[in-house]
Amino acid sequence: MERQGNSPADDIPLTLIVEGTHGPVIHATNRTARTMGVQIGARVVDMRAICPELQTEYADREGDKAALERLVLWARRWCPWTASDGADGLILDTTGSAHLFGGEDAMLIEMETQFSLLGLTSRLAIAPTQGAAWALARFGTVRSICTEGEIAQRLSPLSVSGLRLSAETVQLLHRLGLKTIGALMNVPRLSLARRFVKAALTANPLVRLDQALGKLAEPVASVEAKPRFSAQSRLPEPIFDPAPYLPQLCDNLCDALQNAGMGCRYLNLTVYRTDGDVSHIDVATAASTRDPVHLHSLFRDKLERINSGFGFDLITLTAGGVEAIQIVQTQLDGEAHSDLQLTQLLDRLTAKFGPRSVSYPVVYESHVPERAQRRISNFGAPPPQTAELIKERPIRLLDIPEEVHVLYAVPEGPPAQFIWRRKTHRVTRYAGPERIAPEWWKDRPGTRLRDYFKIEDQTGRRIWLYREGLHEDGRGGDPRWFIHGMFA
Amino acid sequence: MPQNDYQHEKRTIEDEEGFIKNPPSPFVELGISTCFSFLRGASDAVDLAVTANALGYDKLGCADLNTMAGVVRLHAEARKAQVTPVIGCRLQLVTGETFLAYPRNRAAYGRLCALLSKGKMQMTDGAWQAKGACDITLDDLASHSQDVQLIVIPNENIDHFSAGLPRLQRALPSMKYIAASYLYRGNDRARINHLDQIARANGLSILATNDVQYHAPERRPLQDVMTCILHKTTIHRAGFLLQANAERHLKSPAQMETLFAQWPHALRATREVADACHFDLRELSYEYPKETVPHGRTAQEHLEKQTWDGARWRYPEGVPTTVTATLHKELALIAKLDIAQYFLTIQNIVNFARYKCKPPILCQGRGSAANSAVCYVLGITAVDPATNDMLFERFISEERKEPPDIDVDFEHERREEVIQHIYDTYGRNRAALCATVIHYRPRMAVREVGKIMGLSEDITSALSKTIWGSWGREVGAREAKQAGLDLSDPLLARTIKIADQMIGMPRHLGQHVGGFILTESPLSHTVPIGNGAMPDRSFIEWDKDDIEELRILKVDVLALGMLTCIRKAFDLIKAYHGREVTLATIKQDDEAVYDMLCKGDSLGVFQVESRAQMNMLPRLKPREFYDLVIQVAIVRPGPIQGDMVHPYLRRRSGKEPEEYPSPAAPHDPDELKKVLHRTKGVPIFQEQAMKVAMVAAEFSPDEANQLRKAMATFRSRGTIGALEEKMVGRMIRRGYDPDFANRCFHQIKGFGDYGFPESHAASFAHLVYVSSWIKCHYPDVFCTALLNSQPMGFYAPAQIVRDAREHGVTVHPPDVNYSDWDNTLEPLSIGKSKSTFAVRLGLRQIDGMRQDMAHRIMQARHMPFTDLLDIKKRAHLDAGTIRKLAAADALRSMQLDRRQALWDARALQDAPDLPLFQDKPDEGGEVQFTLPQMPLCEHVVADYQTTRLSLKAHPMAFLRKSMTKQGYTTTKSLDHMRNGQRVKLAGIVLIRQRPGSAKGVCFITVEDELGVANLVIWPKMMEAFRKVIMNARVIDVTGIVQRADGVIHLVAHHLEDRSDALDRLSDDTIVTTLAHADEIKKALPSPPHGHPRDACVIPKSRDFH
């Protein structure tokens, strides 16, 4: 499956790669790469030798799998029963639904068109059994349609590779001279059974043949689509303000969530204007919730942003990030948990001032004091693992250190006396120096190191100050002193 | 030596003058981690020693974490820099306590080594220790701590430390100090005071150290990067793993005095410890095992007796007088240097292999040892001094002051027996392999640093790609620019700078290929011994340079595939042809052998089987043994790049006169002739290059030795420039033509590492001759032995078998009723063949066949197997094995062809039948069903798939009819083509090569059913047809025939990939076997780089499914 969107030009040999045991291997290629001799399964270094301009990109196999799962549901437009097959196949049970699309021929053309609109190349076949359809789609003619009675006849000329067998088994059959499905069908059943009776499914041509011919049932489970939680109100005539309808919508949605034992993390409000325009409002919550009042409150002040134009006649409210929640009663009096109030407050603040305005600090591992803290505004995410501070740091850190004049013993002595904010402080005790060098990978060259001292002055005030630079460190003149924080 | 190609040039202090010894300093730094505390120290011995001298130290400690690996280097460099090394180490117990340990004397040092050896060889519970780990417990340390001065390093939490201190004190009476450091961490004063209190309370003293990790503050970035590598993180995520400042560098005694002004006793303590260490690494007097000398005799007497005994054995008709004289001379020198036991030890090992092993193991000395007549008569080497001119000085010389180096090759399949014998005889505590220090090379350094710095994979690989050839010491900034990398980008510039510092740092210890150290007293008291990654291997922590530095001798126990092959051939000749031959008894003057070699018919022969050698043979036309010596030495990158091949060939064929430039009047006009007359005036061997310098430019032996070293490391452009001036200048002064002098020097320069010394070439030539002799007289034996020794050599089994058949040998396919596991000979009734035996391919040729299964078959075969059930029951085979045999068509003697056999084999089940159905299968009787006949071409394809060769037909034969119609010629008819004729030809690709010495020309060998053809592809064609060349399994070539001296090449003008033709033979993909030497898997576009070992690892086949 190739990615769509911003794909490079067709004449660039592009491959998707995955990590193999001996370095990356080719997972998929585009046509240009294929014609240049790049082979799937080969190592990238080898293929680079053949085609030096090869572009590589890591394959997203998880993503491909997820996309296929979505495609399974998407394909429900043609029939109610669909399932995925391997890494690149779909199985549709179209029994009884073909006539809705004008017959099987028309349906296949319709499918091919729809897939191509998604940017996907498809090979389609209809057959009474899954095995036969598999073979025909891969080895048969374009858009093969096979009816009940002609399976054997249609499969006969195809290679035994069409039976979903492993490569070794196919090789064995070739060596035995049984190269087509037809040749295999001519072998006495007993002989085959004797030889392959205990073999695994992909190494068992007899079972595979029976499955393809419909002699053996091959049940496949279809996946259940996740229910969508959505509430809507259709209005008899266009209105301009959705606010009156919102509480009802929230109630309905939360009822549905409640019945399913679910909560949601996002809400999407969509209004459909009479002139065909659509506008959206999204809100998010810090924790899963299904509290209609709270959800409703998040939309406050946001509805005004809707440009109602000539009015709208349909409003839908859809829940996203749906997950199971359990309401836990933590207090005997049935009061809600205080944490809940906090998260609700955060939601309201975030909704009001925007996600960037509300944040909280976490420790960041850096020796440089002003970098030792970061702010995180994503409340929903689990808090990152924070390190412990290994050194004592002042309670208050000045955003901008204030330069002071200090008396000290040159070159490296501790501060003895300094004037700060027009007041003279005499140092009665000190601890230090703690030397913090610039982070060489981050700071500009020429940044000077700092010697931090914890001091206590005559009044018992505890101050954190540092000397920037050393005498003759070759990075500017004499060292300067700064106050950086207060301990109490 | 070719093995040393990947050795990194060791950094060392070049200029020893200019260092003045400092007066005793008040402080001695003892807590130094060098770069051998892998990833925990960022400076090497050179930097530390030079900095220490400059800062005013007179002594310097060395304390690497649980290792002594770096002490020899520090010892050597510190002595050069006029600093006295104090040898010790840093011990970390399994429980976490850390100590600095400094032995007072030799005995205490021995105990420390024994302690480390114990930790490295056994886990605390006595199990086999994993490589690289070292487990020491407090009890271990206590029992080895006598006379070892221990300094405990407190951990972060002082309260924990002081609580545990009494326990340590009870166990370790020699622990007298607590280490204290002033590292600008904010609480230093309080901490040191606290430690001081604790020390006083416990009757100890604090000892100042700066816990040094690098020699100068500028090294902090490298240290941080190494920390990140150690913790597998990046610089941006490392956080508190990194130090806050750059204070852990080597500080001057004066600086330390300022920092520890309040605690002068902490400084005095360092002086006390350092002055109490009287141990010097040079004390490690080395003794060879005494077992080799019988009682009541000295080693020298015994060696002399052995030598003269050996001389009588080597020369039954009487020892030639020249040899007697040489022996006397050599023995005198050996006595003078007192190394007789070394020779006896090696003789002992060789004798074990030759006489005590059942069956004996073939072995032969190689390298410079072949220059010694003593080695010859002792049976260590095989080059006869009576017929060959030897340069004993190349082996041992008084001036070189280096120990001799004896390398011995053993059969590659059985070298392990010799190694284990050495371990068993001398014990694991007296014998061990050397280490090889693996250094960061430029690519590796750039890649690692780039990863740490957070560069993307793309940029790092682009950056590392710009380094051409990974031996250069500096990351090529210029090339980076060419690759479109912006070096003014600070991140990139920083990465390169750090990578540059990292190049040459040791990365880990590997195991030397076969260098053994043997001692009389336990080796573990001389150097720590650790376990190797391979089972049953242990090796010491020092590499060969360290051993050389300390004058310890080693013996190289190497493996050579051809010896295995020759031994197997000798056994077969004895068993089937009734003739007993040994390496020594084959006469070197057999005309037929030389005739064969002159035709270039040397497939499978040792050394001369490569395409280049095969092409050289008809030109050089070897007629005597010495020609083979030249043949071996001349097709090497050294002589080729030095442009010595063509002059030699011209002179040999008489097209050009032999001439020897002469110096001006007062000097001997024939001086060069004496050196070069054996090679017709062209220097071909390494010694000759040295000799020319010594004779024509009057180099002293010492200067010549410098030149040899400079040659070996010429790429680093160290001293070679100065030597060039010296040599050329002196030659001109002595009256040589300036032009000649310059040419002479450039030839020598071209040698680099890639020339052979004459003695080495002679040893190899001997094997060339022996293998040619076998091939010439017993082609059947040769083919069998060669197949049984696989994988080795240049060619795949398919080509070996094909060559044998072309020499009239009948080859039978593998068959359960006839084949053993090995390939064998079987008598031939019909006398149509030249030889009376046919080769029966063994079951080992079948892919996936297991040896134990083959042995079951062989044991159960007292009467022929009649059907599948019979073989399954009697040989107790599983169904899978039988299916493999069936697929390989090895059941024909039961009247089952491949298809029928496969069909029947499918019906066999592994599980025993239930008693009820024992007589009849539970599915009922078999229904008769005839499978379609398998066409021959499908058989051939399946043969290739299962045994990688087919005796039935060649795949190209099926295409011949249509190809003839289209006007394709065969490789056979090339022989009759005239020079310059245009031909069309197609064949299966065997080998693709682009030798470094061929300036971008690519050579392809293709094969069809009649023979092989060599294609020459010029660089322009290479660019145009690169895809075809890299990809094709069948290549269709149009080109011009080029012939010279009986060598035919096809110069390609147009190439086409016709692999599709091969696919049409069968629905399956045919697996064509490429020869071992194919280079396709290396990226062809750039000149060969990377590890030379990697360069020859080519997959035996390429599977496209």
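Residues numbered from 1 in each chain as written. Chains lettered and ligands numbered in written order. Predicted model: local features only at pLDDT ≥ 70, side-chain atom pairs only at ≥ 80, totals over all residues. Heavy atoms only, no water.

(A) Highlighting the overall build of chain B. Secondary structure assignment for chain B yields 44 helices and 21 strands. The burial tally for chain B puts 60% of its 1105 residues in the buried class. Considering only contacts in chain B between residues 6 or more positions apart, those separated by 24 or more positions represent 73%. Summed over its atoms, the accessible surface of chain B is roughly 44,600 Å², and 52% of this surface lies on carbon and sulfur atoms. (Helix = DSSP H or I, 4+ residues; strand = E, 2+ residues; numbered from the N terminus. Buried < 20%, exposed > 50% of the residue type's maximum accessible area, 1.4 Å probe, protein only. Contact = heavy atoms within 4.5 Å. Areas by Shrake-Rupley, 256 points an atom, 1.4 Å probe, with all protein chains shown as cover.)

(B) Molecular detail of the packing of aromatic side chains. Residues and elements named next belong to chain A. Going through the model one piece at a time under the given rule, you end up with 23 aromatic pairs over all chains. Seen from their ring centres, phenylalanine 453 and tryptophan 481 are 5.8 Å apart, and the 35° between their planes marks the pair as tilted. Of this pair, phenylalanine 453 sits in strand β18 (residues 450-457) while tryptophan 481 sits in strand β20 (residues 480-486), and the two are 28 residues apart along the sequence. Each member of the pair phenylalanine 453 and tryptophan 481 is classed as buried. (Phe/Tyr/Trp six-rings, centres within 6.5 Å; stacked < 30°, edge-to-face > 60°.)

(C) Layout of the domain arrangement of chain A. Considered domain by domain, chain A is made up of domain 1 (14-59), domain 2 (69-213), domain 3 (230-337) and domain 4 (396-486). When each unit is reduced to the centre of its C-alpha atoms, the spacing between domain 1 of chain A and domain 4 of chain A is 58 Å. (Domains from an automatic or database assignment.)

(D) Region of interest: the nonpolar core. Within the largest apolar cluster, 167 residues are counted, with the highest numbers of intra-cluster contacts made by Phe260(B), Leu281(B), Phe343(B), Ile406(B) and Trp542(B). Not counting residues within four places of it along the chain, the set of residues in contact with Phe343(B) comprises Leu303(B), Ile334(B), Val374(B), Cys375(B), Leu378(B), Ile380(B), Phe395(B), Ile396(B) and Ile406(B). (Core = buried A, V, L, I, M, F, W, Y, C linked by side-chain atoms within 4.5 Å.)

(E) Quick look at the sheet that holds strand β17 (residues 982-993) of chain B. All names here are of chain B. The five strands lie next to each other as β17-β18-β19-β21-β20, forming a closed barrel whose pairing is mixed. With direction set aside, neighbouring strand axes in the sheet form an average angle of 55°. Where strand β19 (residues 1012-1017) lies against strand β21 (residues 1047-1057), two bridges are found, and the strand directions are parallel. Among the inter-strand pairings, valine 1016 is bridged to a residue of β21, identified as valine 1051. Packing of helix α23 (residues 611-620) onto the sheet brings it into contact with β17, β18 (1002-1007), β19 and β21, and relative to β21 it is tilted by some 145°. (Pairing = 2+ DSSP bridges. Axes fitted to C-alpha atoms, helices over the stretch in contact; angles between N-to-C directions.)

(F) Geometry of the interface of chain A and chain B. Every contact between the two is made by 51 residues of chain A and, on the other side, 57 residues of chain B. Summed over both partners, the interface of chain A with chain B buries about 5,000 Å², with 55% contributed by carbon and sulfur atoms. The largest share of the area that chain A buries against chain B comes from Arg175(A), Arg195(A) and Trp440(A), three residues that together contribute 19% of it. Counting across the interface, chain A meets chain B through three salt bridges. Between Arg195(A) and Asp904(B) there is a salt bridge whose closest N-O contact spans 3.9 Å. Linking chain A with chain B are 21 residue pairs in polar contact (both at pLDDT 80 or more), by the criterion used here. (Buried area = accessible area lost by both parts, 1.4 Å probe. Salt bridge = Lys/Arg side-chain N within 4 Å of Asp/Glu carboxyl O. Polar contact = N/O pair within 3.5 Å; in protein donor to acceptor, adjacent residues only side chain to side chain.)

(G) Broad picture of the packing of α23(B) against helix α26 (residues 645-652) of chain B. Residues and elements named next belong to chain B. Their axes nearest at 10 Å, the elements α23 and α26 cross at an angle of 30°. By the criterion of interaxial angle, the relationship of α23 to α26 is roughly parallel. Taking contact as the criterion, the partners of Met616, Arg619 and Leu620 in α23 are, on α26, Val645, His646, Tyr648, Leu649 and Arg652. Of the residues contributing to the contact of α23 with α26, the split by class is five nonpolar, one polar and two charged. (Parallel < 35°, antiparallel > 145°, perpendicular 65-115°, else oblique. Nonpolar A, V, L, I, M, F, W, Y, C, P; charged D, E, K, R; others polar.)

(H) Structural detail: the pattern of salt bridges. Scanning the model with the defined rule gives 73 salt bridges over all chains in all. Of the charged contacts, one joins Arg79(B) and Asp280(B) as a salt bridge, the two residues approaching to 3.6 Å between their closest N and O atoms. Of the two residues, Arg79(B) is situated in helix α2 (residues 71-80) and Asp280(B) in the loop between α9 (264-276) and α10 (299-314); the sequence distance between them amounts to 201 residues. Two residues, Lys554(B) and Asp556(B), come together in a salt bridge whose shortest N-O distance is 3.7 Å. For the pair formed by Lys554(B) and Asp556(B), the shared burial category is buried. Look at the salt bridges and you will find they share partners, linking Glu412(A), Arg435(A), Asp451(A), Arg467(A), Glu247(B) and Lys251(B) into a network.

(I) Structural detail: the environment of Ser297(A). By the secondary structure assignment, Ser297(A) is in helix α12 (residues 292-298). Separated by 253 residues in the primary sequence, Ser297(A) and Val44(A) place their C-alpha atoms 55 Å from one another.

(J) Examining unusual backbone geometry more closely. Residues and elements named next belong to chain B. The backbone of asparagine 66 shows a phi angle near 50°, a positive value even though the residue is not glycine. Even without a glycine there, the phi angle at glutamine 82 is positive, about 60°. Looking at where glutamine 82 falls in the secondary structure, it is placed in the loop between α2 and β2 (84-92).

(K) Molecular detail of the side chain of Asp196(B). Inspection of the secondary structure assignment puts Asp196(B) in helix α6 (residues 188-201). Once you skip the residues sitting within four places of it in the chain, Asp196(B) turns out to touch Ile206(B), Trp263(B) and His265(B).

(L) Structural context of the sheet that holds strand β1 (residues 14-20) of chain A. Residue and element names in this part refer to chain A. Pairing in this open sheet of three strands is mixed, and the strands run β2-β1-β3 from one edge to the other. Strand pairing shows two members of the sheet lacking a second neighbour, β2 (23-29) and β3 (55-58), which therefore form its edges. Taking the axes of each pair of neighbouring strands and ignoring which way they run, one obtains an average angle of 45° across the sheet. With six bridges connecting them, β1 and β2 associate as antiparallel partners. Residue valine 18 lies in a different strand from β2, and its bridge partner there is valine 25.

(M) The arrangement of the side chain of Thr51(B) in detail. Residue and element names in this part refer to chain B. When you line up the elements, threonine 51 lands in helix α1 (residues 45-55). Residue threonine 51 is classed as buried on the basis of its relative accessible area, which comes to 16%. Of the polar contacts made by the side chain of threonine 51, one reaches the backbone oxygen of aspartate 47; its length is 2.5 Å. Ignoring anything within four residues of it in the chain, the contact list for threonine 51 reads His215 and Leu250.

(N) Up close: the packing of helix α21 (residues 561-577) of chain B against helix α32 (residues 758-777) of chain B. Residues and elements named next belong to chain B. Relative orientation of the contacting elements α21 and α32 amounts to 40°, with a least axis distance of 11 Å. Considered as vectors, α21 and α32 are oriented oblique to each other. The crossing of α21 and α32 is left-handed. Residue-level contacts link Met562, Leu563, Ile566, Ala569, Phe570 and Ile573 of α21 to Leu767, Val770, Ser771, Trp773 and Ile774 of α32. Grouping the constituent residues of the contact of α21 with α32 by class yields 10 nonpolar, one polar and no charged. (Left-handed = near helix turned anticlockwise from the far one by under 90°.)

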